[in-house]
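A closer look at the structure
In case you want the letters, here they are:
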Amino acid sequence: MSSKKLPCRPEMFDFEGISMTHFFTENWEKVRNFQSRPDDILIATYPKAGTTWVSYILDLLYFGNEDPECQTSKPIYMRIPFLESCFQEFSTVAGTEMADSLTTTPRLIKTHLPVQLVPKSFWDQNSRIVYVARNAKDNAVSYFHFDRMNMVQPEPGDWNHFLEKFMKGKNVFGPWYDHVSGWWEKKQTYSNLLYLFYEDLVEDTGREVERLCSFLGLSISIEEREKITKGVQFDTMKQNKMINHVTIPFMDFKISPFMRKGKVGDWKGHFTVAQNEQFDEVYKQKMKNTTLKFRTEI
Ligand code: A3P
């Protein structure tokens, strides 16, 4: 890491009612006017819910056989554009530009936007959307470690400070509560949306790959499904330099790896009894109007 030049951490500000940093708002006109295509697949998540995992599964489903070389030479974040990202100071291409220049079909595109900020064309084009949600406690823990090691995220402070912020919804991309429940509501009226849970993926990855295939209208052999399921296990992905983000210059792997634990229930090693009680109270309040249910252990 010593040879890498680390940037100053960004400030957070309110953007359309959501906490954001300039990395995700600077290119907003182009994001807002982004032209989706009917065969695009949007992978939508709150940060740290399993975006990379589902992205890699989709990448293998569509391009695993067709373009295996790409999988060993091109990092996943270059194969699957992060729509709203704009890391100009690192001379990287903005997410919208990267998506526009993709020549593969379907285009796989990643976003962390809350549902109300998704560019209109995705709805107009009836694009398929895969949303992944993760229980709030593990999501918060994962986000905390991510903010510690990722220098383009705001300073997280200590765990207690971070957790307070999380409960107030003052994290980049806004409140977890509104994000997961907003997308859940959308699913009730938009049929091209598949809502997956991280906990289900951990419990039975093969079953969830099958669920994805049936949503996408893909038929694959049992052997192929088993191969993909094996290829996307945590330990395998953690070793894969094209997936584990080691090539990103602003992440400090001495602080924490990107592929950290990959578990359900890791929160138990972070929350004190008092923090847990307070969190449950806040949770009950914030989630009182949704039918959405999560598992915090399996
Ligand atoms: P942890 O920090 O709890 O380990 P995202 O891709 O949305 O940033 O999410 C990252 C989280 O998903 C990390 O969680 C990471 O370890 C976990 N993850 C990624 N691939 C996984 C896999 N194959 N199995 C289990 N968890 C995985």
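Residues numbered from 1 in each chain as written. Predicted model: local features only at pLDDT ≥ 70, side-chain atom pairs only at ≥ 80, totals over all residues.

**Regarding the overall build of the chain**
Tallying secondary structure elements over the chain gives 14 helices and 6 strands in all. The globule rule puts the C-alpha radius of gyration for 298 residues at 19 Å, and the 18 Å found for the chain is close to it. Taken along the three principal axes of its C-alpha coordinates, the chain extends 50 × 40 × 40 Å. Per-residue burial for the chain yields a buried fraction of 38% across its 298 residues. (Helix = DSSP H or I, 4+ residues; strand = E, 2+ residues; numbered from the N terminus. Rg over C-alpha atoms; globule rule 2.2 N^0.38 Å. Buried ≥ 20, exposed ≤ 12 C-beta atoms within 10 Å, placed from the backbone.)

**With respect to the packing of helix α11 (residues 205-216) against helix α12 (residues 222-231)**
The interhelical angle for the contact between α11 and α12, taken along N-to-C directions, is 120 degrees, at an axis separation of 9 Å. Taken together, the axes of α11 and α12 are oblique relative to one another. Two packed elements cross with a definite hand, and for α11 against α12 that hand is right-handed. Two secondary-structure elements touch here, α11 through Thr205, Gly206, Val209 and Glu210 and α12 through Arg225, Glu226, Ile228 and Thr229. Here the residues of the contact of α11 with α12 sort into 2 nonpolar, 3 polar and 3 charged. (Axes fitted to C-alpha atoms, helices over the stretch in contact; angles between N-to-C directions. Parallel < 35°, antiparallel > 145°, perpendicular 65-115°, else oblique. Left-handed = near helix turned anticlockwise from the far one by under 90°. Contact = placed C-beta atoms within 7 Å. Nonpolar A, V, L, I, M, F, W, Y, C, P; charged D, E, K, R; others polar.)

**Thoughts on the pairing of strand β3 (residues 41-45)**
Counting buried positions along β3 gives 5 out of 5 residues, so the element sits mostly inside the fold. Residues Ile41, Ile43 and Thr45 point to one face of β3 and Leu42 and Ala44 to the other, with burial holding for every one of them. With 4 bridges connecting them, β3 and strand β4 (residues 108-111) associate as parallel partners. Its bridge partner being in β4, Ile43 is matched across the sheet by Lys110. Both β3 and strand β5 (residues 128-133) contribute to a ladder of 5 bridges, which runs parallel. Bridging across to β5, Ala44 finds its partner in Tyr131. (Pairing = 2+ DSSP bridges.)

**What about the site of the ligand?**
In the vicinity of the ligand there are 21 residues, among which Thr51, Thr52, Ser142, Arg260 and Gly262 approach most closely. Of all the elements in the fold, those that place two or more residues in the shell around the ligand are α2 (51-63), α7 (136-149) and α13 (234-239). When grouped by side-chain class, the residues that make up the shell around the ligand number 8 nonpolar, 8 polar and 5 charged. (Near = placed C-beta within 6 Å.)

**A short note on the UniProt feature "domain: Sulfotransferase" (unreviewed entry) in the chain**
Feature annotation in UniProt places "domain: Sulfotransferase" (unreviewed entry) on residues 38-290, given in this structure's numbering. Spanning residues 38-290, this segment combines 47% helix with 8% strand, and its end C-alpha atoms are found 30 Å apart. (UniProt positions renumbered as here; feature names shortened; annotations may be inferred.)

**Looking at the confidence of the model for the chain**
Mean pLDDT over the chain works out to 95, with 98% of the residues at or above the 70 mark. Predicted complex, confidence summary: ipTM 0.99, pTM 0.97. (pLDDT = per-residue confidence, 0-100.)

**Things to note about the sheet that holds β5**
Strands sit in the order β4-β3-β5-β6 across an open sheet of 4 strands; the sheet is parallel. Of all strands in the sheet, those bounded by a partner on one side alone are β4 and β6 (193-197). Taking the axes of each pair of neighbouring strands and ignoring which way they run, one obtains an average angle of 20 degrees across the sheet. Sheet topology places β5 next to β6; 5 bridges connect them, and they run parallel. Along β6, the bridge assignment pairs Ile129 with Leu193. On top of the sheet, α2 reaches β3, β4, β5 and β6; it is set at about 160 degrees to β3, its chief contact.

**Describing α2**
In a regular helix each residue adds 1.5 Å, so 13 residues correspond to 18 Å; α2 covers 18 Å between its end C-alpha atoms and thus fits that length. By the criterion of burial, α2 is predominantly enclosed, with 11 of the 13 residues buried. Burial in α2 covers these residues: Thr51, Thr52, Trp53, Val54, Ser55, Tyr56, Ile57, Leu58, Asp59, Leu60 and Leu61. (Expected span 1.5 Å × (residues − 1).)

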